[in-house]
Amino acid sequence: MNFIDLRSDTVTRPSAGMREAMMRAEVGDDVFGEDPTAEKLQKRVAELFKKEAALFVPSGTMGNEICVKVHTQPGEEVIVEQDSHVIIYETGGPAFLSQVQLKPLAGNRGMFTAQQVKEAIRYDAYYMPRTSLICLENTHGRSAGAVLPIDEIRRVRELALAEHIPMHLDGARLWNASVASGIPVSEYAQCFDSLSVCFSKGLGAPVGSMIVGSRDFIERARKMRKIFGGGMRQIGILAAAALYALDHNVDRLSEDHKKAKHLAQRLSSLKKLGVDTSNVETNMVIMDIRKTGKTQDEVLGMLRGQGVLLTPEGRSSIRAVTHLDVSAEEVDKAANAFERLFG
Ligand SMILES: *Cc1c(COP(=O)(O)O)cnc(C)c1O
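Draft legend 1. Examining the overall build of the protein chain more closely. In terms of helices and strands, the protein chain carries 14 helices and twelve strands. Computed over its C-alpha atoms, the radius of gyration of the protein chain comes to 20 Å, within 12% of the 20 Å expected for a compact globule of 343 residues. Projected onto its principal axes, the C-alpha positions of the protein chain cover 60 × 55 × 35 Å. Every one of the 343 residues in the protein chain was classed for burial, and the buried ones make up 54%. A sequence separation of at least 24 residues applies to 74% of the contacts in the protein chain between residues at least 6 apart. As displayed, the protein chain offers around 15,300 Å² of accessible surface, 49% of which is attributable to carbon and sulfur atoms. When the 43 basic and 44 acidic side-chain charges of the protein chain are each reduced to a single mean position, those positions are 3 Å apart.

What follows is the structure, given as structure tokens:
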């Protein structure tokens, strides 16, 4: 069966044009700093974010984990949103790799307040951990791709600057946030000392993420990347895919957002599914399935039987993600399948 795959925007495959660009890429040994295409991508992304430097890394997880490592010392504490990727989906990386303790704060759709941060920062006592980093995630995956409000980010930033605590942004889907809000990525970047961004999500590249920050930070990140096993050789082939994605696949993210909104609107009329269309800001739709009287596995199995793939979300919801390999027509077909099953 030809499945309509709404599990994630990571399932996108490189297009013919992208493969062509990869094939033609000029390459060299990047561990020697000699890959011209990687250099070109790093320069371009640094300029785009108005930061001094950028570094290609194999995955978003490695990007986040390197940044946590560079910002912290063992035994220190990192403030994170409680439903963020860093704490849930990185297999305990901060504890394993950086020996830091995480201080999870409950956000509202992914965003905690400056007041919450103020209360969470440890005071200066020798028997307390030092608060050495604040992490945010934009868009926020567990909140159906919510866009974090820039005003609150700026309030947190102001406090962090006063307290001399650096900030890191997990911007795996920052381009979605930027396209949805109309706020340039560089404006978000101003509020952070380091960012990690992904090319392998909605941008459609097969592999690749990037860390952005000051020249000094990126130099230290480069060393950590090597320690973590992420120093790679002729990565121009991958950087070419990312460059192609920046040229062709950023503005079109608005189409994915439209498809998600449309899907949510159609599903919101089904009484057995709890879908809040006002929560759909980017490319994700979360459906509460409790009223179907079925388990997540049962619902996902029924949908699979209709040729539609989704993922579980939390304990009582399922999630659909729109992306460049699923057409508006297929989104309608998926909605039809939901109607057949739960109408
Ligand atoms: C996908 C993602 C990452 C990185 O994931 P990798 O699979 O390691 O590339 C990080 N943060 C968020 C919010 C993500 O969605």
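Draft legend 2. Spotlight on the packing of helix H13 (residues 296-305) against helix H14 (residues 328-342). Remark: H13 packs on H14, axes separated minimally by 10 Å, with the N-to-C direction vectors making an angle of 120 degrees. One finds that H13 runs oblique with respect to H14. Judged by the twist between their axes, the crossing of H13 over H14 is right-handed. Counted together, Val299, Met302 and Leu303 of H13 and Phe338, Leu341 and Phe342 of H14 form the full contact between these two elements.

Draft legend 3. Examining the sheet that holds strand E4 (residues 101-105) more closely. Pairing in this open sheet of seven strands is mixed, and the strands run E2-E8-E7-E6-E5-E3-E4 from one edge to the other. Looking at the sheet topology across the chains shown, the edges are occupied by strand E2 (53-57) and E4. In this sheet, neighbouring strand axes are inclined to one another by 20 degrees on average, regardless of whether the strands run parallel or antiparallel. The pairing of strand E6 (residues 167-171) with strand E7 (residues 194-198) spans four bridges and is parallel. By the bridge assignment, Gly171 is partnered in E7 with Val197. Against the sheet, helix H2 (residues 36-48) touches E2 and strand E8 (209-213), its axis set at about 130 degrees to E2. The sheet strands contacting helix H7 (residues 150-163) are strand E5 (131-137) and E6, and the helix crosses E6 at an angle near 150 degrees.

Draft legend 4. Main features of the domain arrangement of the protein chain. For the protein chain, the domain assignment lists domain 1 (13-248) and domain 2 (252-342). On a C-alpha basis, the centres of domain 1 and domain 2 stand 28 Å from each other. Of the roughly 1,400 Å² buried between domain 1 and domain 2 on both sides combined, carbon and sulfur atoms contribute 50%. Taken as a group, Arg109, Ala144 and Asn176 account for 33% of the area that domain 1 buries against domain 2, more than any other trio of residues on that side. Our enumeration of links across domain 1 and domain 2 arrives at two salt bridges. Notably, a salt bridge pairs Arg142 with Glu313, separated by 2.6 Å at the nearest N-O pair. Across the contact surface, domain 1 and domain 2 share seven residue pairs in polar contact (both at pLDDT 80 or more).

Draft legend 5. The arrangement of the nonpolar core in detail. Membership of the largest hydrophobic core comes to 57 residues, with the highest contact counts inside it found for Leu41, Phe49, Trp175 and Phe199. With eight residues, helix H11 (residues 236-248) is the single largest residue contributor to this core. When neighbours within four sequence positions are excluded, Phe199 is seen to be in contact with Leu41, Val45, Trp175, Gly204, Ala205, Gly208, Ser209, Met210, Ala242 and Leu246. Ala264, Leu267, Val326 and Phe342 belong to the second largest nonpolar core, which has 27 residues in total.

Draft legend 6. Summary view of the pattern of salt bridges. Under the defined criterion, the tally for this structure stands at 21 salt bridges. The salt bridge involving Glu20 is made with Arg24; its shortest N-O contact spans 3.1 Å. Taken as a pair, Glu20 and Arg24 lie in helix H1 (residues 16-24) at a separation of four residues, close to a single helical turn. For Arg24, a relative accessible area of 60% puts it in the exposed group. Taking the shortest distance from any N to any O, the salt bridge between Arg122 and Glu77 comes out at 2.6 Å.

Thresholds, definitions, all that
- Residues numbered from 1 in each chain as written.
- Predicted model: local features only at pLDDT ≥ 70, side-chain atom pairs only at ≥ 80, totals over all residues.
- Heavy atoms only, no water.
- Helix = DSSP H or I, 4+ residues; strand = E, 2+ residues; numbered from the N terminus.
- Rg over C-alpha atoms; globule rule 2.2 N^0.38 Å.
- Buried < 20%, exposed > 50% of the residue type's maximum accessible area, 1.4 Å probe, protein only.
- Contact = heavy atoms within 4.5 Å.
- Areas by Shrake-Rupley, 256 points an atom, 1.4 Å probe, with all protein chains shown as cover.
- Lys, Arg positive; Asp, Glu negative; His and termini not counted.
- Charge placed at Lys NZ, Arg CZ, Asp CG, Glu CD.
- Axes fitted to C-alpha atoms, helices over the stretch in contact; angles between N-to-C directions.
- Parallel < 35°, antiparallel > 145°, perpendicular 65-115°, else oblique.
- Left-handed = near helix turned anticlockwise from the far one by under 90°.
- Pairing = 2+ DSSP bridges.
- Domains from an automatic or database assignment.
- Buried area = accessible area lost by both parts, 1.4 Å probe.
- Salt bridge = Lys/Arg side-chain N within 4 Å of Asp/Glu carboxyl O.
- Polar contact = N/O pair within 3.5 Å; in protein donor to acceptor, adjacent residues only side chain to side chain.
- Core = buried A, V, L, I, M, F, W, Y, C linked by side-chain atoms within 4.5 Å.

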